[in-house]
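# Results of the structural survey
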Number of protein chains: 2
Amino acid sequence: MTIPSATISRLVTYLRILEQLETEEVARTNSHDLAERAQVNAFQVRKDLAYFGRFGTRGMGYTVPVLKRELMRVLGLTQRWRVIIVGMGRLGQAIANYPVGSDYQFEYVGLFDVNPALIGQRHQGLTIQPMDELHEFMKTHQVDMGFLAVPPEKAQAAAQALAEAGVRGILNFAPTVLQPRLIATENGDEISEEWHNVTIENVDFLAGMKRLAFYLLNPNQKNDQPEDNT
Amino acid sequence: MTIPSATISRLVTYLRILEQLETEEVARTNSHDLAERAQVNAFQVRKDLAYFGRFGTRGMGYTVPVLKRELMRVLGLTQRWRVIIVGMGRLGQAIANYPVGSDYQFEYVGLFDVNPALIGQRHQGLTIQPMDELHEFMKTHQVDMGFLAVPPEKAQAAAQALAEAGVRGILNFAPTVLQPRLIATENGDEISEEWHNVTIENVDFLAGMKRLAFYLLNPNQKNDQPEDNT
């Protein structure tokens with residue numbers, strides 16, 4: 001069964017809401033409450049959750065810690081993820097120091113940059129290493145994700161380097177669309193084998209800024225409008 | 001006509017692709033090319049664009065600079081946006097120094113924080129001001145958007161302060177779901193009038209990280225799956 005990408009995004013939102021409810025010591029919730037907080041409709045909430053099983057009791061709603069734990073399990077957040085950051089300028093440093101929820105087991109295991117002025121600096125108990133040591137590093141460390149925080153014009157090459165070094169997941173913070181299919185390899189313009197297994201997610205400051213511009217310009221449009229809910 | 005929120009997100013992606021094509025001096029494109037690069041299908045591209053008019057010629061595709069300019073106009077990016085950043089720790093500093101496209105007229109007009117150690121520091125030609133001067137600042141400056149880069153536990157109060165000071169658009173970088181509807185006002189637990197006109201967009205590092213975890217855990221699922229394209 002294919003699950004819409006938007007469903008995964010909404011699960012992340014529901015989880016965040018459940019975490020806040022837990023902080024507020026709220027024990028129970030329901031699809032209407034979740035829907036209002038997530039700014040979708042209750043049918044959407046039930047439909048999204050139904051992809052993964054039955055979490056509530058009809059008419060009784062959901063137990064906050066139980067649903068939270070189930071969503072964490074569905075999203076893969078109960079397991080450990082080893083992360084490297086590539087690009088340790090201001091953005092990379094902000095990421096390294098960003099408060100990752102204490103519930104999650106995301107762990108930074110390596111920091112990389114090409115800038116000699118940054119190499120050797122320490123953040124979060126790790127020393128920034130030169131980018132060309134990545135291949136060697138991967139031989140001795142398990143790395144599940146790479147966070148890409150390089151300037152946009154360097155993102156494609158850096159993503160390629162990550163893929164070739166065997167990193168399967170890339171969280172791209174650069175405001176550019178990575179092109180796994182169009183990349184040039186040493187063999188010519190073929191698709192790089194390594195890219196087939198790489199999953200890319202984008203975090204784009206500018207995208208949010210542009211969406212905000214649209215909604216400010218068009219106040220009759222609502223940014224909580226779900227897609228084609230027929 | 002109500003336009004799905006996901007369409008706006010895709011327009012932002014199409015625009016980013018068109019900008020890259022322009023950099024690569026590609027003059028023409030079509031819905032199939034855009035679809036492949038955006039990892040959606042061509043029907044989706046045409047449907048998304050059709051909300052805003054007819055941009056191409058049947059069988060001829062689109063002229064890259066023309067479609068780019070049209071999407072910029074649709075998204076409101078041809079006009080000037082005056083932005084303040086609230087929260088000037090590492091994240092706020094990274095945002096202030098993030099390369100905003102030279103095509104856009106986003107302009108930082110003020111930087112705010114509550115931390116005395118940060119107040120008075122200069123970034124991008126601006127001096128960080130105390131948060132409690134925001135109201136006064138708004139009397140003499142036009143502010144279109146506030147970028148919220150405070151810790152999650154302070155985000156709700158800071159967003160409230162922005163709304164009360166008259167900021168209509170908030171780009172929230174804190175990993176928390178802002179609750180315009182549930183906020184307590186000076187009059188009790190009523191809905192704050194100011195919130196009715198506030199548009200919130202979220203940029204969440206952790207959301208992307210969680211989505212990535214899901215797709216790494218479920219490699220049979222594709223993160224380019226559009227929603228319910230029936």
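Residues numbered from 1 in each chain as written. Chains lettered and ligands numbered in written order. Predicted model: local features only at pLDDT ≥ 70, side-chain atom pairs only at ≥ 80, totals over all residues. Heavy atoms only, no water.

You'll find chain A entered in an unreviewed UniProt entry as Redox-sensing transcriptional repressor Rex, with Deinococcus lacus given as the organism. Per UniProt, the comment on chain A under Subunit (unreviewed entry) is "Homodimer." Reading the Function (unreviewed entry) entry of the UniProt record for chain A gives the comment "Modulates transcription in response to changes in cellular NADH/NAD(+) redox state." (UniProt positions renumbered as here; feature names shortened; annotations may be inferred.)

## Considering the UniProt feature "binding site: NAD(+)" (unreviewed entry) in chain A
Mapped onto the present numbering, the UniProt feature "binding site: NAD(+)" (unreviewed entry) falls at Gly 87, Met 88, Gly 89, Arg 90, Leu 91 and Gly 92 of chain A. By the element assignment, Arg 90 of chain A lies in helix H5 (residues 90-96). Assessed through its relative accessible area of 46%, Arg 90 of chain A is described here as partly exposed. Not counting chain neighbours up to four residues away, the residues in contact with Arg 90 of chain A comprise Gln 93, Ala 94 and Asn 97 of chain B. Within the element layout of this structure, Leu 91 of chain A appears in helix H5. For Leu 91 of chain A, a relative accessible area of 9% translates into the label buried. Apart from residues lying up to four places away in sequence, Leu 91 of chain A is in contact with Ala 149, Phe 173 and Phe 205 of chain A together with Ala 94 and Tyr 98 of chain B. (Helix = DSSP H or I, 4+ residues; strand = E, 2+ residues; numbered from the N terminus. Buried < 20%, exposed > 50% of the residue type's maximum accessible area, 1.4 Å probe, protein only. Contact = heavy atoms within 4.5 Å.)

## Section: the interface of chain A and chain B
A common way to express how large an interface is: the accessible area buried when the components associate. Chain A puts 86 residues into the contact, and the matching count from chain B is 87 residues. At the junction of chain A and chain B, the tally comes to two salt bridges. We note a salt bridge from Arg 211 of chain A to Glu 201 of chain B, for which the minimum N-O separation is 2.8 Å. Taken together, chain A and chain B are joined by 18 residue pairs in polar contact (both at pLDDT 80 or more). Looking at the side of chain A that touches chain B, the element that brings in the most residues is helix H8 (residues 205-217) of chain A, giving 13 residues. The class makeup of the residues in the side of chain A that touches chain B is 45 nonpolar, 24 polar and 17 charged. (Salt bridge = Lys/Arg side-chain N within 4 Å of Asp/Glu carboxyl O. Polar contact = N/O pair within 3.5 Å; in protein donor to acceptor, adjacent residues only side chain to side chain. Nonpolar A, V, L, I, M, F, W, Y, C, P; charged D, E, K, R; others polar.)

## Some remarks on the nonpolar core
Formed by 117 residues in total, the largest nonpolar core has its most connected members in Met 145 and Phe 147 of chain A together with Met 145 and Phe 147 of chain B. Excluding residues that lie within four positions of it along the chain, Met 145 of chain B makes contacts with Met 209, Leu 212, Ala 213 and Leu 216 of chain A together with Trp 81, Arg 82, Val 83, Ile 84, Phe 106, Val 167 and Gly 169 of chain B. (Core = buried A, V, L, I, M, F, W, Y, C linked by side-chain atoms within 4.5 Å.)

## Quick word on the packing of helix H1 (residues 5-23) of chain A against helix H3 (residues 42-50) of chain A
Helix packing geometry: the angle between the two helix axes and the distance between the axes. Residue and element names in this part refer to chain A. Where H1 meets H3, the closest approach of the two axes is 10 Å, and the angle between their N-to-C directions is 105°. Looking at the two axes, H1 sits roughly perpendicular to H3. Residues Thr 7, Arg 10, Leu 11 and Tyr 14 of H1 form the contact with H3, whose own contacting residues are Gln 44, Val 45, Asp 48 and Leu 49. Grouping the constituent residues of the contact of H1 with H3 by class yields four nonpolar, two polar and two charged. (Axes fitted to C-alpha atoms, helices over the stretch in contact; angles between N-to-C directions. Parallel < 35°, antiparallel > 145°, perpendicular 65-115°, else oblique.)

## What about the sheet that holds strand E8 (residues 169-172) of chain A?
Residue and element names in this part refer to chain A. The seven strands are arranged E5-E6-E4-E3-E7-E8-E9 in an open sheet whose pairing can be described as mixed. Every interior strand has two partners, whereas the edge strands, strand E5 (122-123) and strand E9 (199-202), have only one. Strand direction decides the pairing type here: E8 and E9, joined by four bridges, are parallel. Bridging from a neighbouring strand, Ile 170 pairs with Ile 200 of E9. Lying on the sheet, helix H7 (residues 152-164) is in contact with strand E3 (80-86), strand E7 (145-148) and E8; it crosses E7 at an angle near 165°. (Pairing = 2+ DSSP bridges.)

## Quick look at the UniProt feature "DNA-binding region" (unreviewed entry) in chain A
Here, UniProt's "DNA-binding region" (unreviewed entry) annotation points to residues 13-52 of chain A. Counted over residues 13-52 of chain A, helix gives 70% and strand 5%. Its end C-alpha atoms are 16 Å apart.

## Points about the sheet that holds strand E4 (residues 105-113) of chain B
All names here are of chain B. Taken together, the seven strands give an open sheet; going across it, the order is E5-E6-E4-E3-E7-E8-E9, and neighbouring strands pair in mixed fashion. Strands at the two margins of the open sheet, each flanked by one partner only, are strand E5 (122-123) and strand E9 (199-202). As judged from the three bridges shared by E4 and strand E6 (residues 126-130), these two strands associate in the parallel manner. Opposite Leu 111, over in E6, you have Ile 128 as the bridge partner. Packing against the sheet, helix H7 (residues 152-165) makes contact with strand E3 (80-86), strand E7 (145-148) and strand E8 (169-172), and its axis sits at approximately 165° to E7.

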